[in-house]
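Chain by chain, the residues run as shown.
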Amino acid sequence: MSIETPPGEPSPADPPPFTSSHTSNFPALLRELGISLAVSTYQAGRVILVRPDDDALNTHFRNFPSPMGLAYQPETGRLALGTKNEVWEFRDQPDVARKIEPAGSHDAAFLPRRRHHSGDIRIHEIGWIGSELWAVNTRFSCLCTFDADHSFVPRWRPPFVTALAPEDRCHLNGMAIVHDHVKYVTCLGRTDTPGGWRENKATGGCLLDVNSGDALLTGLCMPHSPRIHADRFYILESGIGALSVVDMKSASTTVLARVPGFTRGLDFHGHLAFVGLSQVRETATFAGIPLDEMAERSCGIWVIDLRTGATVAFLRFEGTVQEIFAVQVIPGILHPDILHEPSPLTSSAFILPDAALREVPAPLRN
C-alpha cells in the first residue's frame, strides 16, 4: 500500500491551507465500486465530494456554514444536508450535469429544491424515511422532522429528558433507521441538565432503543453513528478510535478495527466500511478520553474490510480540515457536483411534473 499526494502541491516549506494524501489504491477502489463520497466538515465549513480522477482523488469543496448531517436517497436522487441554521434538500438533475464544464465530465448535479430555516438546533445525523426527512436535534435532545409552519416538529425524546429545551442535555447524536423507522439512537450521557453529559463523557455514552426508551448499551466512550448493515449492528466508539460490532444478546461491543482518530461518520458499500476520522481539538469537550492520549491523530476517511477489520485504503486531510462529521456513499455516481449558488446554469435549470410535460394546461377562466 503506497501513499500518494496530489500533484502540484506547494512545497512543505510553504504549507497550503489544505492538503490531502491517499493510498494509491483509493481512486481505483471508488471506480471499481462505482461510487463517490460526500463528506461534511463543520469545523472547516465545507462539504467535500471525493471523486476518482484517473490515478488520483479529486476532493471538490462546496462551502456551507457548519455542515453536519448528510443523507442520500438513491431511488429519488435526493440529497439532504443539515447546516448551522438550515436544512437543504437537493435533487440530482442529470441534464444539468452534462452541461458542467468540461462537458461530459460529471454524472450528477445536485441542485437545491428546498431550504428550510430551522434555527441553530445543532442538527447531527439526518435520514430519509420515505419522503420525510428525520433529524437528530442535538440542542433540543430530540428526534424531529420538518414542515412549512415550524422550525421543527419534535417526534421523540429520551424518557430521562424531562423538557424540550435548547440545552443539549444528553448530546443525542446518532440514529439507526431500520425498516422505515428510527430504531436506535446514541447519546453521550443519560443526563437531564444543560450540558450534563460533559461530566462523564469517557464512560457515560449509551445506545437507546427508541420504541422502549431503554438503554441497551451503557459505559460507551462518546459513541456515534449506529448502523445496521447486512444484518450486523455496527457503532463507532469515537473516544477510543474504534469501529465496533454490537452484540445485542450480550449487550456488549467488540472492536472490529482501531484507527488513528476520533471516529465519527460511517457508511457502507458491500463488505467495506467508510469511516470518518477527526484529529479532535485540544478543548474541554474532548479532554479526558482515551483518544486524548494518542500522540498522532489523523483526519480523513479510512476504508475498513468488515470481514477482517483490516484497513484497505485511506484518504488523509491536513491543514484547514481537521474534523469530519458525516460520510455518505453515493452509489452509481463517480463524479457528482453540488450547485447551490446562483449561476446562469442553475437559473436555467427546471424540474416540472411529468403531467405538465404531456399536456398544456387550459387557460384559466374567471
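Details of the structure are given in the entry above.
Let me begin by describing the structure that accompanies this report.

## Details of the state of the cysteines
Each disulfide consists of a covalent bond between the sulfur atoms of two cysteine residues. In total, this model carries zero disulfides according to the counting rule given. No disulfide involves C142; its nearest neighbouring cysteine sulfur is the one of C144, lying 5.3 Å away. Free cysteine: C187, not disulfide-bonded; nearest cysteine sulfur from C206 at 3.3 Å. Exposure remark for C187: the relative accessible area of 0% places this residue in the buried category.

## Thoughts on the packing of aromatic side chains
Evaluated as defined, the whole model comprises 11 aromatic pairs. Centroid distance Y184 to F233: 4.8 Å. Interplanar angle 40°. Geometry classified as tilted. With a gap of 49 residues between them, Y184 in strand β15 (residues 181–187) and F233 in strand β19 (residues 232–237) connect regions that are remote in the sequence. Each of the two residues, Y184 as well as F233, counts as buried. What links up through ring pairs into an aromatic cluster is the set F18, F61 and F317. Here the guanidinium or amino end of R78 rests over the ring plane of W128, the centre of that ring lying 4.0 Å away.

## Some points on the side chain of E237
As for its placement among the helices and strands, E237 is situated in strand β19. One buried charged residue, E237, remains without a salt bridge, the closest side chain of opposite sign being R258 at 7.1 Å. Discounting chain neighbours no more than four positions away, the residues touching E237 are L220, C221, M222, A242, S244, T253, V255 and T263.

## Comments concerning the nonpolar core
If you look at the biggest cluster of nonpolar residues, it comprises 22 residues, and the most contacted ones within it are L37 and F274. Of all elements in the fold, only α1 (26–33), β3 (35–41), β4 (46–53), β23 (272–278), β24 (299–305), β25 (311–319) and β26 (326–331) reach the threshold of two or more residues within this core. The residues touching L37, leaving out its near neighbours within four places in the chain, are F26, L30, I48, L49, V50, F274, I301, Q328 and V329. One finds A38, V47, L70 and F325 within the second-largest nonpolar core, a separate group that totals 19 residues.

## Overview of the sheet that holds strand β8 (residues 86–92)
Taken together, the five strands give an open sheet; going across it, the order is β6-β7-β8-β9-β27, and neighbouring strands pair in mixed fashion. Whereas interior strands pair on both sides, the edge strands pair on one side only; in this sheet they are β6 (70–73) and β27 (336–338). If you compare each strand with its neighbour and ignore which way they point, the axes differ by 20° on average. Taken together, the four bridges between β6 and strand β7 (residues 78–82) define a ladder with antiparallel strand orientation. Directly across from A71, in β7, lies its bridge partner A80.

## Section: the pattern of salt bridges
For side chains bearing opposite charge, pairing can occur when the charged atoms are close. This structure, assessed with the given rule, holds 12 salt bridges. The closest approach of N and O atoms between D337 and R62, which form a salt bridge, is 3.1 Å. With a gap of 275 residues between them, D337 in strand β27 and R62 in strand β5 (residues 56–63) connect regions that are remote in the sequence. Its salt-bridge partner being E132, residue R155 comes within 3.1 Å of it at the nearest N-O pair. Here R155 is found in strand β13 (residues 153–156), whereas its partner E132 is found in strand β11 (residues 132–137), with 23 residues between them in sequence. With a relative accessible area of 39%, R155 lands in the partly exposed category. Each of K84, D120 and R122 takes part in one network of salt bridges that share partners.

## So, the environment of P74
Within the fold, P74 resides in the loop between β6 and β7. Each C-alpha atom of the pair P74 and D92 lies 9.7 Å from the other, and the pair is 18 residues apart in sequence.

Conventions used here
- Residues numbered from 1 in each chain as written.
- Predicted model: local features only at pLDDT ≥ 70, side-chain atom pairs only at ≥ 80, totals over all residues.
- Heavy atoms only, no water.
- Disulfide = S-S within 2.5 Å.
- Buried < 20%, exposed > 50% of the residue type's maximum accessible area, 1.4 Å probe, protein only.
- Phe/Tyr/Trp six-rings, centres within 6.5 Å; stacked < 30°, edge-to-face > 60°.
- Helix = DSSP H or I, 4+ residues; strand = E, 2+ residues; numbered from the N terminus.
- Lys NZ or Arg CZ within 6 Å of the ring centre and 35° of its normal.
- Lys, Arg positive; Asp, Glu negative; His and termini not counted.
- Salt bridge = Lys/Arg side-chain N within 4 Å of Asp/Glu carboxyl O.
- Contact = heavy atoms within 4.5 Å.
- Core = buried A, V, L, I, M, F, W, Y, C linked by side-chain atoms within 4.5 Å.
- Pairing = 2+ DSSP bridges.
- Axes fitted to C-alpha atoms, helices over the stretch in contact; angles between N-to-C directions.

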